[in-house]
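Each chain is listed here by its residues.
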Amino acid sequence: MTPIPVPVRRRILQLYERGKSSREIAQFFGFCVAAVRRVRQQFRQRGTLQPRTHLSGRRTLLTKERKQRLQELLSEQPDATLAELGARLDRPFRTSTMDLWLRQLGWKYKKNSGRRRTKPAGRGRKKSALA
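Because the structure is a prediction, the values reported are computed rather than measured.

How each quantity is defined
Residue positions are given per chain, counting from 1 as you read along its sequence in written order. Per-residue local features of the predicted model are confined to residues with pLDDT of at least 70, and side-chain atom pairs are confined, for both listing and counting, to 80 or more; whole-chain, interface and lining totals are unaffected and use all residues. Only hydrogens and water are set aside when side-chain values are computed; all heavy atoms of the structure are taken into account. The classification of residues rests on relative accessible area computed with a 1.4 Å probe and restricted to protein chains. Under 20% of the type maximum is buried, over 50% is exposed, and intermediate values are partly exposed. Secondary structure elements follow DSSP: runs of H or I no shorter than four residues count as helices, runs of E no shorter than two count as strands, and numbering proceeds from the N terminus. What the arc measures is the spread of directions leading from the helix axis to the C-beta atoms. We call two residues contacting when some pair of their heavy atoms lies within 4.5 Å. In plain words, nonpolar cores are sets of buried Ala, Val, Leu, Ile, Met, Phe, Trp, Tyr and Cys residues tied together by side-chain atoms within 4.5 Å. We define a salt bridge as a side-chain nitrogen of Lys or Arg found within 4 Å of a carboxyl oxygen belonging to Asp or Glu. In this charge count, Lys and Arg are treated as positive and Asp and Glu as negative; neither His nor the chain ends contribute. N or O atoms within 3.5 Å of each other form a polar contact, as long as, within protein, one can give a hydrogen and the other can take it, and as long as residues adjacent in sequence are counted only when both atoms are side-chain atoms. Lines fitted to the C-alpha atoms define the axes, with helices restricted to the stretch that makes contact. Angles between their N-to-C directions range from 0 to 180 degrees. Here roughly perpendicular refers to angles of 65 to 115 degrees, roughly parallel to angles under 35, roughly antiparallel to angles over 145, and oblique to all remaining angles. Asp, Glu, Lys and Arg are counted as charged, while Ala, Val, Leu, Ile, Met, Phe, Trp, Tyr, Cys and Pro are counted as nonpolar; the rest, among them Gly, fall into the polar class.

Caption draft 1: The arrangement of helix H6 (residues 95-104) in detail. Residues of H6 that are buried: Met98, Trp101 and Leu102. The buried residues of H6 occupy an angular sector of 100° when projected down its axis, which confines them to one face. When the buried face of H6 is taken as reference, the exposed residues oriented beyond 90 degrees from it are Ser96, Arg103 and Gln104. Tucked into the core, H6 has its buried residues touching helix H4 (64-76) and helix H5 (82-87). One or two residues past the end of H6 sits Gly106, with phi positive at roughly 95°.

Caption draft 2: Inspection of the environment of Tyr16 at higher detail. Its place among the elements puts Tyr16 in helix H1 (residues 6-17). With 20 residues separating them along the chain, Tyr16 and Val36 place their C-alpha atoms 9.7 Å apart. The contact partners of Tyr16, leaving out residues within four places of it in the chain, are Ser22, Ile25, Val36, Arg37 and Arg40.

Caption draft 3: Structural detail: the nonpolar core. If you look at the biggest cluster of nonpolar residues, it comprises eleven residues: Leu62, Leu70, Leu73, Leu74, Ala80, Leu85, Leu89, Phe93, Met98, Trp101 and Leu102. Of all the secondary structure elements, the ones that give two or more residues to this core are H4 and H6. Listed in part, the nine residues of the second largest apolar core include Leu15, Tyr16, Ala35 and Val39.

Caption draft 4: Geometry of the side chain of Arg66. Examined against the element boundaries, Arg66 turns out to sit in helix H4. In contact with Arg66, not counting residues within four places along its chain, are Leu61, Leu89, Asp90, Arg91, Phe93 and Trp101.

Caption draft 5: Looking closely at the pattern of salt bridges. By the definition in use, this model includes three salt bridges. The salt bridge involving Arg66 is made with Asp90; its shortest N-O contact spans 3.0 Å. One end of the pair, Arg66, is in helix H4; the other, Asp90, is in the loop between H5 and H6, with 24 residues separating them in the sequence.

Caption draft 6: Up close: the environment of Ala87. Turning to its location among the elements, Ala87 is positioned in helix H5. For Ala87, a relative accessible area of 56% translates into the label exposed.

Caption draft 7: Molecular detail of the side chain of Arg9. Mapping Arg9 onto the fold places it in helix H1. The side chain of Arg9 sits in the buried core without any salt bridge; Glu17 is the nearest counter-charge, 14 Å away. Within the structure, Arg9 has its side chain in polar contact with the side chain of Gln42 (distance 3.4 Å). For Arg9, the contacting residues outside a window of four places in its chain are Pro3, Ile4, Val39, Gln42, Arg46, Leu49 and Pro51.

Caption draft 8: Layout of the packing of H1 against helix H3 (residues 33-46). The contact between H1 and H3 brings their axes to 10 Å, and the two run at 90°. By the angle class used here, H1 and H3 are roughly perpendicular. Across the interface between the two elements, Arg9, Ile12, Leu13 and Tyr16 of H1 pack against Val36, Arg37, Val39, Arg40, Gln42, Phe43 and Arg46 of H3. Split into classes, the residues belonging to the contact of H1 with H3 amount to six nonpolar, one polar and four charged.

So this is what it looks like as structure tokens:
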């Protein structure tokens, strides 16, 4: 969801000052009444019209301490599996989480050459030259 632009927010406050109701302002701009009220409320609370979109979402569990510990574990044993790394941190983490964190830190895994396919994957039957 995109935030309401600052010029529109400024115009909403101007219309409030002229005595317009929330419903009239919402109909004029095509927003819901709650969004118009929220603009006014946020301006009263924070004193600014700038949207606070950078604070939304879940906070990461990869703290500075965990980054440092993960770097230490990788320098001690670079061939450790994701499960081993996840088990050695301050609390256990799943392999998918460890994979994501290592990618964020710039670490990548190469495929094991012994596990590669001996022939390319087929996409159904190949058509003959006569078809």
